[in-house]
Amino acid sequence: MIYQSDALSLERHDDGIVELCFDLKKESVNKFDQLTVQCLTEALDALDKEQDVRGLLVTSAKGVFIVGADITEFTELFDTAGDDIASFTAHNNANLNRLAALPYPSVAVINGFAMGGGLEICLACDFRVMSTTAKIGLPETKLGILPGWGGTVRLPRIIGVDEAVMWMATGKEQRAADALKAGAVDAIAEADQLRDVAMATLGQAIDGKLDRETRRAMKHSPLPLNDTEATMSFFTIKSMVAQQAGRNYPAPIKVVDVIEAARGMDLDEALKVEAAGFAELAKTDVARALVGVFLNDQLLSKVAKSWEKKAQTPVKRAAVLGAGIMGGGIAYQSALKGVPIRMKDINQAGLDLGLAEANKLLAKRVSRGRMSPEQMGDVLNAIDPQLSYEGFDDVDIVVEAVVENPKVKHAVLGETEKHIRDDAILASNTSTISIDLLAEAVERPENFCGMHFFNPVHAMPLVEVIRGEKTSDEAIARTVAYANRMGKKAVVVNNCPGFLVNRVLFPYFDGFSKLLRDGADFQAVDKVMEKWGWPMGPAYLSDVVGIDTGVHAAGVMAEGFPDRMKMDFKTATEVMFDNDRLGQKNGRGFYAYVPDKRGKAKKTVDEATYELIAPNVADRREFERDDIVFRMMLPMCTELARCLEEGIVGSPAEADLALLYGIGFPPFRGGVFRWIDTVCLQQIADQSERLADLGKAYELTDGMRAKLAAGETYY
Ligand SMILES: NC(=O)c1ccc[n+]([C@@H]2O[C@H](COP(=O)([O-])OP(=O)(O)OC[C@H]3O[C@@H](n4cnc5c(N)ncnc54)[C@H](O)[C@@H]3O)[C@@H](O)[C@H]2O)c1
C-alpha cells in the first residue's frame, strides 16, 4: 500500500499499475468532502514519489463512484468570504490538474453514481469506462451553483458545447448508453466485466494504442469554435436555457456565460473564470435556498426512515376504499412501486374509471420507454378492483378515499374495520375532516390516522401523515413506511383543521379575497404571485383546485379558526360558487377554460367575472407589487409559525418542504421560513404593523415576536 487514509487509498499492483481507490470510512457512499480533498492531495504527493508507474486506475470501493461534494459543508462555506470560496475550488482544482498531468495514462472506473465532483475527477482522467448500471451528471445548477472543479471547462471540450450545456443546465443524470453516445465515456460494460474492460483500456493506453496526448491537449485548449460559430451558437443556447430555467434560477445561464467567456482560454485561465462564477453564485439567496432544500430533504428522509424502522409490520399488501380521482391514483402509485393493492368501490363504473386512469398513466410510461408492456401488465395485475371486502383480512393498511362527507366516511370506516385484521392500519385521505372526529367511528382508534395525498397522486410528492389524539406510534410508523414504499415524501403532523398544508394555504387565499374586496384585479394578483415564483396565482389555483372544493374547505377552516379565517364579507370566490363557476372542472371560474385546437382547456380572460364580483368589491385600483406579495404571504407566514409553535409540525425544515412538495412553493425561495429569514423577520414585523387593519391573520405570533426580540432566525 502506497497510501492509506479514511477517505482513499493508493495501492501498487504487480505490473506497474497503481490504483487510487475512494472509500470514505464511516459513510455508506463516497463524497468529495474536505477530508477527501486533503487526502487526495496527500495521495498525489505519495504518487509523485513512486517510481516506474505505468498507469493509474481510479476506482471506488463503494456501490457508488463518488456522489459529489459534501453539501452539508456548503452552508458554512457559502457564508464565508469570497476568498475562502475561491480556495475551496482552487484546492481540488490543483488536485485534478495534477491528476490530469501525470506522466502516464489514467482510467476512471465508474461503477456507480459519479455526480458533480465525482464526475469532474473522471473528466480529469484520460479515459473513462462506465458500468451499464451507473449514472453520471453535473447537477450543481439544481443547487443554484455551477460545477467548480473544472466541469464547465473539461466537459464542453470533451462532448461539445451544446451537449455539455444541456447536461449542466438541466443537471440531469445520464445513463451509460447516453454518456457513451455523447462521448463522455470511452466504453461501457456490464458491472461484472467493468474492471476487465478498464484494465484492457489502460493496457491499450500504456501500449500507445489509445492517444492520450491529443485528448490532453484538447482539454487544455480553447474551444474549437471560430467567432461567428461561437456568436451564433451561444446566442441560441442562451435563449433556450433562459427559457427553460426561468428568470428565478440564475445558475444555468451563468454556466453558459462562463463557458462563453472562457471559450478562447486555456485550461488554467478558464478555471479562473469558472471559479469566479462559482463564487458569485454561491453568494446568492437562490443558492442558499436550494442548498437548504437539499439539506432539509435529507433530514426529512432521515426522519421518515427512522419511522419506517419503528414499524413492527411492513406493508406487503394494501387496500384503498374509493376508486375516484384520489383512490385510483393511490392504487396506481402503490402497484407501480410494488405493493399490491385491493381497490374497492361501491359501483363498477367507479372501478372502471380508476383502472382506466392507471392504464393511461402506465401506457404513457411504456410509450416513453420507461417501462415494458410486460411490466405494465404486472403493475395492472397488482391492482385488484372489487366491489366487496373480499380479501381485506390479508392487508396491512387500508387507505380510505371515499367522498368527503363525514357521515359516509363514518359508515365506511366502521364497516371496514370489521373486515380487516385487528392489527391492520386504517388511514383516511380526508382533506378537511378532523382525524379525531373520524376516529370516533372505529373501535381501534389507535390503529387509525390520516394519510393525506395531494392531487394528482402520481405527480405530487407530499403525503401528510396525520396523528390523531389516540393514534399509536405503530400506526404512524407503518403509514410512513407505506408512503416511503410509494416513493412519497411523508411529513408527520398533528391533527388540526386543514392539517398543515391546507391550514396555511387558506389564510393565503383569504389574503387574496381581501385584496379583491379592496379593489385589486385578480389577474394582476395572479401575475404578481406567479412572477414571485408560485406555479399558479391564487385565482388560477382556485380554479384548478375547484371553486366548490375551495369554498367547502374555507368553511371548515373558518369554523376551526374563526378569529383568523372567518371572512366578514362575501368573497369573490363565494360569488363564483353561487354562480356555478366551479373552475376548470366546468369550464368557468375566475377564468374561462376554452378548448384549444388540440382539445386542451386553455385559460382565457372572462369579462363576466368582473361584472359578477363588482357588487361585492371596491372600485378597481392598482396595488404595488410588494404590497400584493405581503398581503398574500403574511397570513401564510404567521399561520405556519403558529403550526410550528403548536407542535403541529416538528421543524421549519419539515414545514418548508411540506409546502414545496404539497403545493409547489417556489423552490428557489426555499420555503416560507427560509423566505422569512431571507427578507428578515424585522421586515415581516414592519409589514405586519402596516397591514394590521387586515385582521389577526396579519399579526405576528408570540413565537415570532420572541425570535425577533432575540435576533434569531428560523434556520
Ligand atoms: N380530489 C382532490 O384534489 C383531493 C385531494 C386530497 C384529498 N382528497 C380527498 O380524497 C377523498 C376522495 O376524493 P376524490 O376527489 O377522489 O373523490 P371522487 O368523488 O373522485 O371519488 C370518490 C369515490 O368513492 C367512491 N365511494 C363512495 N362511497 C363509497 C363507499 N362506501 N365505499 C367505497 N367507495 C365509495 C365513489 O364511488 C367514488 O368513486 C376525499 O376525502 C377528498 O377530500 C381529494
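Before reading on, note that the structure itself is shown above.
Here the structure is a predicted model, which is why all the values come from computation and not from measurement.

K.L.:
What is the right way to look at the overall build of the protein chain in this model?
P.N.:
Across its full length, the protein chain holds 31 helices and 20 strands. Taking 27 Å as the expected radius of gyration for a compact globule of 715 residues, we find that the protein chain reaches 28 Å, a close match to that expectation. If you line up the protein chain on its principal axes, its C-alpha atoms span 85 × 60 × 60 Å. Scored against the burial criterion, the 715 residues of the protein chain give a buried share of 56%. Long-range pairs, those at least 24 residues apart, make up 73% of the contacts in the protein chain with a sequence separation of at least 6. Of the roughly 30,000 Å² that the protein chain leaves accessible, carbon and sulfur atoms contribute 52%. Distance between charge centres in the protein chain, computed from 81 positive and 103 negative side chains, equals 2 Å.

K.L.:
I keep staring at the pattern of salt bridges and nothing clicks. Help me out?
P.N.:
As a working rule, side chains carrying opposite charge can pair if their charged atoms are close by. Taken as a whole and judged by the stated rule, the model has 46 salt bridges. Between K409 and E400 there is a salt bridge, with its nearest N and O atoms 2.6 Å apart. Take K409 and E400: they sit in the same class, and that class is buried. Notably, a salt bridge pairs D423 with R421, separated by 2.8 Å at the nearest N-O pair. Exposure remark for D423: the relative accessible area of 31% places this residue in the partly exposed category. For R421, a relative accessible area of 26% corresponds to the partly exposed category. The network of salt bridges with shared partners includes R503, D563, R564, E639, R642 and E646.

K.L.:
Looking at this structure, how should I read the site of the ligand?
P.N.:
Taken together, 21 residues surround the ligand, and among them M326, D345, E404, K409 and S431 come closest. Contact between the ligand and I325: an oxygen atom at 3.1 Å from a main-chain N or O atom of the residue. In this structure, an oxygen atom belonging to the ligand sits 3.3 Å away from a main-chain N or O atom of V402. Alone, the ligand offers 830 Å² of accessible surface; in the complex the protein occludes 79% of this. Counting only elements with at least two residues in the shell around the ligand, the list comes to helix 14 (325-336), helix 17 (406-417) and strand 16 (448-453). A class-by-class count of the residues in the shell around the ligand yields 9 nonpolar, 8 polar and 4 charged.

K.L.:
Would you mind going over unusual backbone geometry with me for this structure?
P.N.:
Of all residues except glycine, most have a negative phi; of all peptide bonds, most are trans. For the bond running from N455 to P456, omega is -5°, close enough to zero to count as cis. Structurally, P456 can be placed in the loop between strand 16 and strand 17 (462-467). One non-glycine residue, D580, lies in the positive phi region at around 55°. Relative to the assigned elements, D580 resides in the loop between helix 25 (572-578) and strand 19 (592-595). Not every positive phi belongs to a glycine, and C680 is a case in point at roughly 85°. Position of C680 relative to the elements: it lies in the loop between helix 29 (672-679) and helix 30 (681-690). By relative accessible area, C680 is classed as partly exposed at 41%.

K.L.:
Would you explain the sheet that holds strand 6 (residues 114-115) in this entry?
P.N.:
Sheet strands line up and pair through hydrogen bonds in the backbone, either parallel or antiparallel. Strand order in this open sheet of 3 strands is 6-8-9, and the pairing throughout is mixed. A strand with exactly one partner marks an edge of an open sheet, and here the two such strands are strand 6 and strand 9 (174-175). One ladder, built from 2 bridges, connects strand 8 (residues 135-137) with strand 9; its direction is antiparallel. Considered in strand 9, the bridge of K135 is made with R175.

K.L.:
I tried to follow the nonpolar core on my own but got confused; where do I start?
P.N.:
It is characteristic of soluble globular proteins that their nonpolar side chains tend to be buried jointly. Ranked by internal contacts, the top residues of the largest apolar core, which has 98 residues, are M529, F590, M633, M636 and I684. Here this core gets 11 residues from one element, more than from any other, and that element is helix 27 (residues 625-645). Listed in part, the 86 residues of the second largest apolar core include F32, L146, A251 and V256.

K.L.:
Sorry if this is basic, but what is going on with the state of the cysteines here?
P.N.:
Disulfides are covalent bonds that connect the sulfur atoms of two cysteines. All chains considered together, the criterion is met by 0 disulfides. The thiol sulfur of C449 is not disulfide-bonded, and the nearest other cysteine sulfur, from C496, lies at 15 Å.

K.L.:
Can you help me understand helix 3 (residues 82-100) in this one?
P.N.:
For an α-helix, the turn length of 3.6 residues means that residues three or four places apart are oriented alike. For helix 3, built from 19 residues, the straight-helix expectation of 27 Å at 1.5 Å per residue is met to within 8% by its first-to-last C-alpha distance of 27 Å. The set of residues buried in helix 3 consists of I85, F88, T89, N92, N93, N95, L96, L99 and A100. Along the axis of helix 3, the buried residues cluster in a sector spanning 150°; they form a single face.

K.L.:
Where do I start with the packing of aromatic side chains in this structure?
P.N.:
The relative placement of two aromatic rings is captured by the distance of their centres and the angle of their planes. Counting across every chain of the model gives 24 aromatic pairs. Plain terms: the ring middles of F74 and F78 are 5.1 Å apart, the flat faces sit at 25° to each other, and that makes the pair stacked. Here the residue F74 and the residue F78 both occupy positions in helix 2 (residues 74-79), the gap between them amounting to 4 residues, near one helical turn. Just as F74 is buried, F78 falls in that class too.

K.L.:
What should I look at first to understand the packing of helix 21 (residues 522-532) against helix 27 in this one?
P.N.:
The geometry of a pair of packed helices is captured by two quantities: the angle between their axes and the separation between those axes. Direction vectors running N to C along helix 21 and helix 27 enclose 80°, while the axes themselves pass 10 Å from each other. It follows from the interaxial angle that helix 21 and helix 27 lie roughly perpendicular. Residues V525, V528, M529 and W532 of helix 21 lie in contact with helix 27, whose contacting residues are R625, I628, V629, M632 and M633.

K.L.:
What is the right way to look at the sheet that holds strand 18 (residues 489-494) in this model?
P.N.:
Sheet architecture is open: 8 strands sit in the order 13-12-11-14-15-16-17-18, paired in mixed fashion. The sheet is open, and its two edges are formed by strand 13 (383-386) and strand 18, each paired on a single side. Strand-to-strand, the axes of this sheet are offset by a mean angle of 25°, without reference to chain direction. Bridging between strand 14 (residues 397-400) and strand 15 (residues 425-428) involves 4 bridges; their strand directions are parallel. In the sheet register, V399 faces strand 15, and the bridge partner there is A427. Against the sheet, helix 14 touches strand 11 (318-321), strand 12 (341-344), strand 13, strand 14 and strand 16, its axis set at about 165° to strand 12. Strands strand 11, strand 12, strand 14, strand 15, strand 16, strand 17 and strand 18 of the sheet are contacted by helix 19 (residues 473-485), whose axis makes an angle of about 25° with strand 16.

K.L.:
I keep staring at the packing of helix 4 (residues 117-124) against helix 5 (residues 151-159) and nothing clicks. Help me out?
P.N.:
Their axes nearest at 10 Å, the elements helix 4 and helix 5 cross at an angle of 55°. The angle between the axes of helix 4 and helix 5 places the two elements in the oblique class. For the element pair helix 4 and helix 5, the recorded crossing hand is left-handed. Every residue of helix 5 that contacts helix 4 at E120, L123 and A124 is listed here: G151, R154, L155 and I158. Here the residues of the contact of helix 4 with helix 5 sort into 4 nonpolar, 1 polar and 2 charged.

Reading the values: the criteria
Residues numbered from 1 in each chain as written. Predicted model: local features only at pLDDT ≥ 70, side-chain atom pairs only at ≥ 80, totals over all residues. Heavy atoms only, no water. Helix = DSSP H or I, 4+ residues; strand = E, 2+ residues; numbered from the N terminus. Rg over C-alpha atoms; globule rule 2.2 N^0.38 Å. Buried < 20%, exposed > 50% of the residue type's maximum accessible area, 1.4 Å probe, protein only. Contact = heavy atoms within 4.5 Å. Areas by Shrake-Rupley, 256 points an atom, 1.4 Å probe, with all protein chains shown as cover. Lys, Arg positive; Asp, Glu negative; His and termini not counted. Charge placed at Lys NZ, Arg CZ, Asp CG, Glu CD. Salt bridge = Lys/Arg side-chain N within 4 Å of Asp/Glu carboxyl O. Near = heavy atom within 4 Å. Polar contact = N/O pair within 3.5 Å; in protein donor to acceptor, adjacent residues only side chain to side chain. Nonpolar A, V, L, I, M, F, W, Y, C, P; charged D, E, K, R; others polar. Pairing = 2+ DSSP bridges. Core = buried A, V, L, I, M, F, W, Y, C linked by side-chain atoms within 4.5 Å. Disulfide = S-S within 2.5 Å. Expected span 1.5 Å × (residues − 1). Arc of directions from axis to C-beta. Phe/Tyr/Trp six-rings, centres within 6.5 Å; stacked < 30°, edge-to-face > 60°. Axes fitted to C-alpha atoms, helices over the stretch in contact; angles between N-to-C directions. Parallel < 35°, antiparallel > 145°, perpendicular 65-115°, else oblique. Left-handed = near helix turned anticlockwise from the far one by under 90°.

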